[in-house]
Amino acid sequence: MESLRDKERYRLEQEAFVSNHGGTTSQEVVHVILPNVCGVLLTITTLGLYGKYLHRNVKIVIEFVLTVIPCVFCCTVLSEYVSNICVIMIILSFINIMLMRIKVHALTNCILRPIKGKRPFVTNFRALSNIITTICILAVDFRIFPRKFAKTEVFGYSLMDTGVGIFILANALVAPEARDFGSPPKVGFFGTLSRNLKNPLKSSLPLLLLGLGRFVAIEFLGYQRHITEYGVHWNFFITLAFVKLFTRTITSTISSRYSLLSGIWILAMHEYILTNNGLKEWILSNEPRIDFITANREGLMSIPGYVGLYLIGVAVGRLIHSTYLNLNSSTTLNPRKNVHIKIFGYDLDASYNESMILCVKLSLIAAQACAATLFCDKYFRVSRRLANAGYCAWILTLSTMMLTLLLLIEVVTDILIYATSDYKIIDNTNDKITEKMGEVKHRKHKAGFKTKRENKQDAKQEILQELPVESPIKRTLEIFEAVNYNGLIFFLSCNLLTGVINLLISTLYVGKNTSLQIIILYMAVNILFILILYRCQIQVKL
């Protein structure tokens, strides 16, 4: 009996430990994420410099040490020194670049080749967001995790508040709706109605079962829970299921090309109803939870906000995929574009490609979302419990900022790949150039008159694009590829292992060093599990 009372006392103590927090500033949340982005550049340049001498498994260890472990330290004991960590990582990355065998003449005439298929910076964004979230869900139970990063109780910004929002937006970026640029099939009314109901229900059922299973497990084990996060019976998986259900229904009825307008309209209506009908006060109140609706008011009433956020994420995904649409078609276009500028009598030539254009577009979206966040924070506040317009604008700001930085890293990586590539020019290259010159001349009416030398240079560039490239630098990391390959399974396994650790260990009474060791070991086990699935090409889709 005494043991049961001690267990109940500890459960209440742990629930109090993770509740009633006010968060921190938006700037501090951005600062704690920046070292993780810088770690991607450091890892890519380190493996680019030494990777060809290392075994495949050794590379995995380096990836883990340079990406996952810094995430653990930045979210816990080194959270006050993230600026210093950023500077150190950038300096080390610059040293790696300086030590590479970069051909200087290659940088003056760099050709950035198109990448077909998945975008590396989107892969890095989705995996990095998932890794940070899974670290936090365990670290928050230890005292080394700063309370300012724990989930806010009512209003404000915090690191853990961003988890569910970024997860939903990251999934929207690669959703089928974001890559669908064809005309919708013409079917009758009943066919459309059947498709709109059947397909979303079928795809949402596994997530609903996961949510139900989680609730039953928590009830059976007497596990601690933060009721004001989603409610008594609600949880993340049920939210994800309903968001998937509603968004699939909406996008199968209304073309996904209107997803931005649909998302903004839903968020505006959601904010209006919250503000003008007393709904906000009811959700955030301490009124008794006497039935299913009152018991789960946070989970139920936040769904419109997450649906609006998902649709806006689809719009961002469509922007990304449409930027590279021509490169993925059968006719590969030259991704390089030249601009000739004359300033004070000096002729300057500048080159850019689709990635650089997209980088500017994403930064502009981030700036607009930041302005929207400041506006909403002033008049409506930012609340994760409500998933209101301010929260969704904040998630969009943070996500597009990360995407911009990771795309900038991809552009730098592409330049380094070209500058360090070993082009093996075969003996008959000149013959191929002569043949290409005929094709280039045939197209001269489109590009204007060019000299023989210019035609030869254009032909040589086209030949070089067709030659195989050998570079030790990779655009993404194997750990990130593995996490993306089974993203939801990775998140589920981390949740299960978090539960096991909390049942076996009294996390509130663990020292600093032991806490760090447990969190690092926990991440190592989860990464190893997901890596085995990836290398065995076992993918579980939910």
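Residues numbered from 1 in each chain as written. Predicted model: local features only at pLDDT ≥ 70, side-chain atom pairs only at ≥ 80, totals over all residues. Heavy atoms only, no water.

**Q** What exactly am I supposed to notice about the overall build of the protein chain here?
**A** When its secondary structure is counted, the protein chain shows 22 helices and two strands. Counting all 542 residues of the protein chain, 51% fall into the buried class. Counting contacts in the protein chain only where the partners sit at least 6 residues apart, residues at least 24 apart contribute 83% of the total. Within the structure as shown, the protein chain displays about 26900 Å² of accessible surface, and the carbon and sulfur contribution to it stands at 64%. (Helix = DSSP H or I, 4+ residues; strand = E, 2+ residues; numbered from the N terminus. Buried < 20%, exposed > 50% of the residue type's maximum accessible area, 1.4 Å probe, protein only. Contact = heavy atoms within 4.5 Å. Areas by Shrake-Rupley, 256 points an atom, 1.4 Å probe, with all protein chains shown as cover.)

**Q** Sorry if this is basic, but what is going on with the nonpolar core here?
**A** Side chains that are nonpolar tend, in soluble globular proteins, to be buried together. Counting 127 residues, the largest nonpolar core has F121, I131 and L159 as the members making the most contacts within it. Element by element, the count of residues in this core is highest for helix α16 (residues 389-420), at 13 residues. Ranked by size, the runner-up nonpolar core spans six residues in total, among them L274, W282, L284 and L386. (Core = buried A, V, L, I, M, F, W, Y, C linked by side-chain atoms within 4.5 Å.)

**Q** Please clarify how the packing of helix α6 (residues 120-139) against α16 should be interpreted in this entry.
**A** For any two helices packed against each other, the geometry comes down to the angle between their axes and how far apart the axes lie. Between α6 and α16, whose axes approach to 9 Å, the crossing angle comes to 130°. Judged by the angle between their axes, α6 and α16 are oblique. In this structure, α6 meets α16 at a crossing whose hand is right-handed. Across the interface between the two elements, P120, F121, N124, F125, L128 and S129 from α6 touch S399, M402, L403, L406, L407 and E410 from α16. Its residues placed into classes, the contact of α6 with α16 shows eight nonpolar, three polar and one charged. (Axes fitted to C-alpha atoms, helices over the stretch in contact; angles between N-to-C directions. Parallel < 35°, antiparallel > 145°, perpendicular 65-115°, else oblique. Left-handed = near helix turned anticlockwise from the far one by under 90°. Nonpolar A, V, L, I, M, F, W, Y, C, P; charged D, E, K, R; others polar.)

**Q** How do you make sense of helix α15 (residues 354-379) when you look at a structure like this?
**A** Along an α-helix, residues three or four apart share an orientation, since each turn contains 3.6 residues. With 26 residues, α15 extends 38 Å between its outermost C-alpha atoms, agreeing within 8% with the 38 Å of an ideal straight helix rising 1.5 Å per residue. Buried within α15 are the following residues: E354, S355, L358, C359, L362, A366, A369, T373 and C376. Just past α15, the residue R381 takes up positive phi, approximately 70°. (Expected span 1.5 Å × (residues − 1).)

**Q** I keep staring at unusual backbone geometry and nothing clicks. Help me out?
**A** Excluding glycine, a negative phi dihedral is what most residues carry, and trans is how most peptide bonds are arranged. Its identity as a non-glycine residue notwithstanding, R381 has a phi of 70°, on the positive side. Here R381 falls in the partly exposed class, since its relative accessible area comes to 41%. If you check the backbone angles, A387 has positive phi at about 50° while not being a glycine. For A387, the location among the structural elements is in the loop between α15 and α16. Relative accessible area serves as the criterion here: at 0%, A387 is assigned to the buried category.

**Q** Can you walk me through a nonpolar patch on the surface in this structure?
**A** Residues Y50, Y53, V87, I88, I91, L92, I95 and L99 make up a contiguous nonpolar surface patch of about 790 Å² in total accessible area. Examined against the element boundaries, L99 turns out to sit in helix α4 (residues 82-99). (Patch = residues over 30% accessible without salt bridge, like charges linked within 9 Å, V, L, I, M, F, W, Y side chains within 5 Å. Salt bridge = Lys/Arg side-chain N within 4 Å of Asp/Glu carboxyl O.)

**Q** Explain the environment of G39 to me, please; I cannot follow it from the model alone.
**A** Inspection of the secondary structure assignment puts G39 in helix α2 (residues 26-50). Taking the C-alpha atoms as reference points, G39 and S93, separated by 54 residues in sequence, lie 8.9 Å from one another. With sequence-adjacent residues up to four places away left out, G39 is seen in contact with L66, T67 and M89.

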